[in-house]
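Listed here are the chains, written in short residue letters.
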Amino acid sequence: MQITFLGTSSGVPTRSRNVSSIALRLPQRAELWLFDCGEGTQHQILRSDLKMSQISRIFITHLHGDHIFGLMGLLASCGLGGNVQRVDIYGPPGLNEYIQAATRYSHTHFSYPIKVHVVRPGIIYEDNDFTVRCSPLHHRITAFGYRVSEKDRPGTFDIDKAKALQIPPGPVYGQLKRGEIVTLSDGRVIKGTELCGPTEIGRKIAYCTDTIYADGAVELAQDADVLIHEATFAHQDADLAFERLHSTSTMAAQTALMGGAHRLIMTHFSPRYAPGNSIELKDLLNEARAIFPNTHMAYDFMTYSVPRRRESVEVCTL
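Per chain, the residues get numbers from 1 upward, laid out in the order the sequence is written. Predicted model: local features are reported for residues with pLDDT of at least 70 only, side-chain atom pairs are reported and counted for 80 or more only, and whole-chain, interface and lining totals are derived from all residues. With hydrogens and water set aside, each side-chain value is computed from the structure's full complement of heavy atoms.

To continue, consider the overall build of the chain. Labels follow the DSSP assignment, with helices taken as runs of H or I lasting at least four residues and strands as runs of E lasting at least two, numbered in each case from the N terminus. Broken down by element type, the chain carries ten helices and 17 strands. Within the chain, the proportion of its 318 residues that are buried is 54%. The contact definition used throughout considers only heavy atoms, calling two residues in contact when any of these lie within 4.5 Å. If you take every contact in the chain between residues at least 6 apart in sequence, the share linking residues at least 24 apart comes to 62%. Summed over its atoms, the accessible surface of the chain is roughly 14700 Å², and 52% of this surface lies on carbon and sulfur atoms. For the chain, the centre of its 32 positive side-chain charges and the centre of its 33 negative side-chain charges are spaced 5 Å apart. Relative accessibility decides the category of a residue: with a 1.4 Å probe and only protein chains considered, values under 20% of the type maximum give buried, values over 50% give exposed, and everything between is partly exposed. Accessible surface area values rest on a Shrake-Rupley calculation with a 1.4 Å probe, where residue burial reflects the displayed protein chains alone. The charged-residue count follows a simple rule in which Lys and Arg add positive charge and Asp and Glu add negative charge, with His and chain termini not counted at all. Every charge is mapped to an atom, namely NZ of Lys, CZ of Arg, CG of Asp or CD of Glu.

Sheet strands associate in pairs through backbone hydrogen bonding, adopting either a parallel or an antiparallel arrangement. In spatial order, the strands read E7-E8-E9-E12-E13-E14-E15; together these seven strands make up an open sheet with mixed pairing. Edge positions in the sheet fall to strand E7 (122–126) and strand E15 (295–297), since each has one partner strand and no second. Strand-to-strand twist across the sheet, computed as the mean angle between neighbouring axes with direction ignored, equals 20°. By the convention used here, strands pair only if DSSP detects at least 2 bridges between them. When strand E12 (residues 204–208) meets strand E13 (residues 226–230), the two strands line up parallel, connected through four bridges. Paired with Ala206 across the strands is Leu227, a residue of E13. Orientation is described by lines fitted to C-alpha atoms, with helices fitted over the stretch in contact, and by angles between N-to-C directions that extend from 0 to 180 degrees. Packed on one face of the sheet, helix H9 (residues 249–259) meets E13 and strand E14 (264–267) and runs near 155° to E13.

Points on a 1 Å grid over protein atoms alone make up a cavity when a 1.4 Å probe fits among them but cannot get out, and a pocket when they form an open set with protein on both sides within 12 Å along at least five of seven lines; lining residues each have an atom within 4 Å of a point. Grid points are joined across faces, edges and corners, and a volume is the space filled by probe spheres set on the points. Counted according to the given criterion, the structure contains one cavity of 30 Å³ or more. Looking at the lining of the largest cavity, the elements with two or more residues in it are strand E2 (21–26), strand E9 (144–150) and E12. Throughout, the ten residues Ala, Val, Leu, Ile, Met, Phe, Trp, Tyr, Cys and Pro are labelled nonpolar, Asp, Glu, Lys and Arg are labelled charged, and all others, Gly among them, are labelled polar. Taken together, the residues that form the lining of the largest cavity break down as ten nonpolar, no polar and one charged.

The next thing to look at is the environment of Ile3. Looking at the element boundaries, Ile3 is found in strand E1 (residues 2–7). Measuring from C-alpha to C-alpha, the distance between Ile3 and His62 comes to 20 Å, with 59 residues separating the pair along the chain. Look past the residues within four positions of Ile3 in its chain and what remains in contact with it is Ile22, Ala23, Leu24, Ile205, Val226, Ile228, Met302, Thr303, Tyr304 and Val306.

Here, a salt bridge means any side-chain nitrogen of Lys or Arg that lies within 4 Å of a carboxyl oxygen of Asp or Glu. Tallied over the entire structure, the rule returns ten salt bridges. In this structure, Asp186 engages Arg188 in a salt bridge whose closest nitrogen and oxygen atoms are separated by 2.9 Å. Owing to a relative accessible area of 30%, Arg188 belongs among the partly exposed residues under this scheme. Because the salt bridges share partners, they merge into one network encompassing Arg29, Glu31, Asp127 and Asp129.

Shown next, in the form of structure tokens:
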């Protein structure tokens, strides 16, 4: 599970930061999931090592332009490329009407099926490996945060131990690896749990923007390996945050702390904190770390590989 930040600015792009979009790469299934799709997202993908042809799901938090203005261009390019098989898009009410209107007035025709899912709080997608759920946030318009949970997997199956017990290879190995209790032909009863290592805990990622401090965000952040949370304003500008229903750096940190997240990555920064101004982004980072020490600040094209909890190596590169 590798996260790539394609846009980390709020409202408008800057010279160094595009508007909101995050890619979740799932190499084991050759899929790419996007979260939000601000203007220029497809250009950001082209500048990265991500493959547009692997996009299969897009999750939209809300319908403000800096989160959706890149959607139609991206979908049209995916169609012209001819490699995308199908795209499922998830988002709040009105998203389907927006896509339908843009398609109609631009005379765009897709060469692949697109399905728009109107989300409601709770589980919105599930397969054998992942569950995706959403919760309402607190913004000026309807907005949702998302949580991707990888399902727990049985521990490593000890083949040598199975052979020492003279368990014949075959389908029974699969049953034991799943932790099932198996009765062999000679009458012996074998517990799969005794032949497997510790359960591999599934990784969990939460994505929350745009919102002021919200219970829904805390819920999504529960025990998350990574919480990606907006930090549009510095603590000193909390009055603007309350007026515009965005978060300060300290609100993002409090969400991570209250949710018991393991790591916080802040994004969606106001351009007002550019270098040379009285308050800079480094000040927002210091504010957040005073509350939640394991806080990091996203930048465009930053990647983060989410490790399994049994691993100790974390990779964060340009």
